[in-house]
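Chain by chain, the residues:
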Amino acid sequence: MRYLRLVIGSIVIIGALYVLVAEHVTGASSNAFVNAPIVTVRAPVAGDIEMPSRTVGMQVSTDTVLFSISDVRADGVRLDDLILEHDLALSHVERLKAEKAVLEDHSVWLAEMRDAYAAARTRELAFQTEDPVAPLPDLTDPEKLEDLDLENTARNASNVDGNAGGDSAQASDAFSSLKALQLDTARTDLFLDDTAGAAWNYAYWSGTARQQLARIEAELAEAQAIATSIDDRIARERVRMIRLTGGDIASPVDGIIWERMVGDGINVQRGDTIMKVADCSAAVVSLSVSEIVYNRLRTGDPAIFRFSGADMALEGTISRLAGAGAATVYDDMAVKPSKEHLERYDVTLIVPDLRGADMSGGCAIGRTGRVFFQDRPLDPLRRLLN
């Protein structure tokens, strides 16, 4: 019994020593803290700053207005020139529309007058032609046209009243044939005698009016296209003017105001730093380890992060191994490393559940903890207690 107690006591002591040694020998960081990249918000234009109550540490989102900037001296000459060009183009369009309307009415009137003269002349020829005549020969045939001898027929018709000694019957037949020819061609909109001048003139000017109308329609389409193009240029210039004159500047990320460079009412130049915002959505865990532990790590290896004073373990992944003296990698980070940190080997850890953790408060920049890269003997007990 005495030896049994000795054996059991030895096993307990050896187990406790093993747990103690294993807990401390297992790869772990000496220090770890939550960090986040810094986004610098600069003035897009030169102007006066109007900043509402924005204190350092205030949580902001992408729809939060950080400040407003205005420049009343922005050059708007180009916009004024484009507006003038647009007004001139619209006046040209209106003038062409008015000309088109007048010309359409005039073209309709010319066509109506031409039809009226043609109809009246055709009725006049039908009244003058009392006796029916034989069908006209084919006027496209030169031989039949020569046989018809239109010139002598017209001459005889013109001498009906003046040639008292001639054969009046023959002259009457020639006159009837001529009138019949004029009537037949008039029915095809072709007038042969001198009295056709009015119908022919109206037909000519009606065709000219249609040509002018087509030209005006083409010019109108061109003028409308130019006016539309200028209108598009005005819209782009207005956008550019809005950018030049400033406006409300919203936070580019979800996070907290980390630093404020200027106050309300200050005049700044384009590109001046106005504010710095810590991007909490991209928070990471920065830590340093010994050389022995560092040389065993690889990018993508799993790790466990635990806040100081908390038992909840957050799973993460190694995203960067910066090594010793990695001061430059913290130039754009919210928290700079300590001197002791830089003397060790730098590691960056991505922890997806970091923002949702109870101890993070939404953006736990600066909070400390420890990172473990291997399972420890008491981890099952910790999981059970958690």
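Residues numbered from 1 in each chain as written. Predicted model: local features only at pLDDT ≥ 70, side-chain atom pairs only at ≥ 80, totals over all residues. Heavy atoms only, no water.

## Some points on the overall build of the protein
Consideration 1: The number of helices and strands found in the protein is 9 helices and 14 strands.
Consideration 2: By residue count, 33% of the 386 residues in the protein fall in the buried class.
Consideration 3: Of all intrachain contacts in the protein linking residues separated by at least 6 positions in sequence, the fraction that spans at least 24 positions is 80%.
Consideration 4: On the protein, roughly 23400 Å² of surface is accessible, and the fraction owed to carbon and sulfur atoms is 55%. (Helix = DSSP H or I, 4+ residues; strand = E, 2+ residues; numbered from the N terminus. Buried < 20%, exposed > 50% of the residue type's maximum accessible area, 1.4 Å probe, protein only. Contact = heavy atoms within 4.5 Å. Areas by Shrake-Rupley, 256 points an atom, 1.4 Å probe, with all protein chains shown as cover.)

## Notes on the pattern of salt bridges
A pair can form between side chains of opposite charge whenever their charged atoms are brought close.
Consideration 1: Throughout the structure, instances matching the rule amount to 4 salt bridges.
Consideration 2: Among the ionic pairs, Glu99 bridges to Arg95, the shortest N-O distance being 2.6 Å. Residue Glu99 and its partner Arg95 are both found in helix 2 (residues 77–128); the two are separated by 4 residues, about one turn of the helix.
Consideration 3: Residue class for Glu99 comes out partly exposed when judged on its relative accessible area of 33%. (Salt bridge = Lys/Arg side-chain N within 4 Å of Asp/Glu carboxyl O.)

## Some points on the sheet that holds strand 9 (residues 273–279)
Consideration 1: Here 4 strands make up an open sheet; going across it, the order is 2-9-7-4 and the pairing antiparallel. Only two strands of the sheet have a single partner each, and these edge strands are strand 2 (38–42) and strand 4 (59–60).
Consideration 2: Across 5 bridges, the pairing between strand 7 (residues 255–260) and strand 9 is antiparallel. Residue Glu259 lies in a different strand from strand 9, and its bridge partner there is Lys276. (Pairing = 2+ DSSP bridges.)

## Structural notes on the sheet that holds strand 14 (residues 368–372)
Consideration 1: Overall, antiparallel pairing links the 6 strands, which are arranged 1-10-13-12-11-14 in a closed barrel. For this sheet, the mean angle separating the axes of adjacent strands, direction not counted, is 40°.
Consideration 2: Two elements, strand 12 (residues 313–324) and strand 13 (residues 345–350), share 6 bridges in a ladder whose sense is antiparallel. Each residue of the ladder has a partner; that of Ala324, found in strand 13, is Tyr345. (Axes fitted to C-alpha atoms, helices over the stretch in contact; angles between N-to-C directions.)

## A look at the nonpolar core
If you look at soluble globular proteins, the nonpolar side chains tend to sit buried side by side.
Consideration 1: Grouped together as the largest cluster of nonpolar side chains are 22 residues, with contacts concentrated most on Val285, Leu287, Phe305, Leu349, Leu354, Val371 and Phe373.
Consideration 2: Sorting the residues of this core by element identifies strand 1 (31–35), strand 10 (284–289), helix 7 (291–296), strand 11 (302–307), strand 12 and strand 13 as the ones contributing at least two each.
Consideration 3: Core analysis: the next-biggest nonpolar cluster, separate from the first, contains 17 residues, Phe67, Val262, Met275 and Val277 among them. (Core = buried A, V, L, I, M, F, W, Y, C linked by side-chain atoms within 4.5 Å.)

## What to know about the pairing of strand 12
Looking along a regular strand, one sees the side chains alternate between the two faces of the sheet.
Consideration 1: Bridging between strand 11 and strand 12 involves 5 bridges; their strand directions are antiparallel. By the bridge assignment for strand 12, Ile304 is matched with Glu315.

## Some points on the environment of Leu213
Consideration 1: Here Leu213 is to be found in helix 6 (residues 197–245).
Consideration 2: Residue class for Leu213 comes out buried when judged on its relative accessible area of 14%.
Consideration 3: The contact partners of Leu213, leaving out residues within four places of it in the chain, are Lys100, Leu103 and Glu104.

## Describing the confidence of the model for the protein
Consideration 1: Averaged over every residue, the pLDDT of the protein is 76; residues scoring 70 or more account for 66%.
Consideration 2: For residues 131–137, every residue scores under 50 in pLDDT, and the model assigns this stretch 6 contacts once sequence neighbours within four places are set aside.
Consideration 3: Note that residues 153–166 has pLDDT below 50 and, in this model, 10 contacts with residues that lie over four places away or in other chains. (pLDDT = per-residue confidence, 0-100.)

## Here we look at the side chain of Asn35
Consideration 1: Topologically, Asn35 is positioned in strand 1.
Consideration 2: From its side chain, Asn35 meets the backbone oxygen of Val335 in a polar contact 2.9 Å long.
Consideration 3: Apart from residues no more than four positions distant in its own chain, Asn35 is found in contact with Ala283, Val284, Ser286, Tyr330, Met333, Ala334 and Val335. (Polar contact = N/O pair within 3.5 Å; in protein donor to acceptor, adjacent residues only side chain to side chain.)

## Thoughts on the environment of Ala310
Consideration 1: By the element assignment, Ala310 lies in the loop between strand 11 and strand 12.
Consideration 2: Take Ala310: its relative accessible area is 16%, and that puts it in the buried class.
Consideration 3: Spatially, the C-alpha atoms of Ala310 and Gly369 are 8.8 Å apart, while their sequence positions differ by 59 residues.

## Some points on the environment of Glu104
Consideration 1: Here Glu104 is to be found in helix 2.
Consideration 2: Distance from Glu104 to Arg210, taken between C-alpha atoms, is 8.1 Å for residues 106 residues apart in sequence.
Consideration 3: Excluding residues within four positions of it along the chain, Glu104 makes contact with Leu213 and Glu217.

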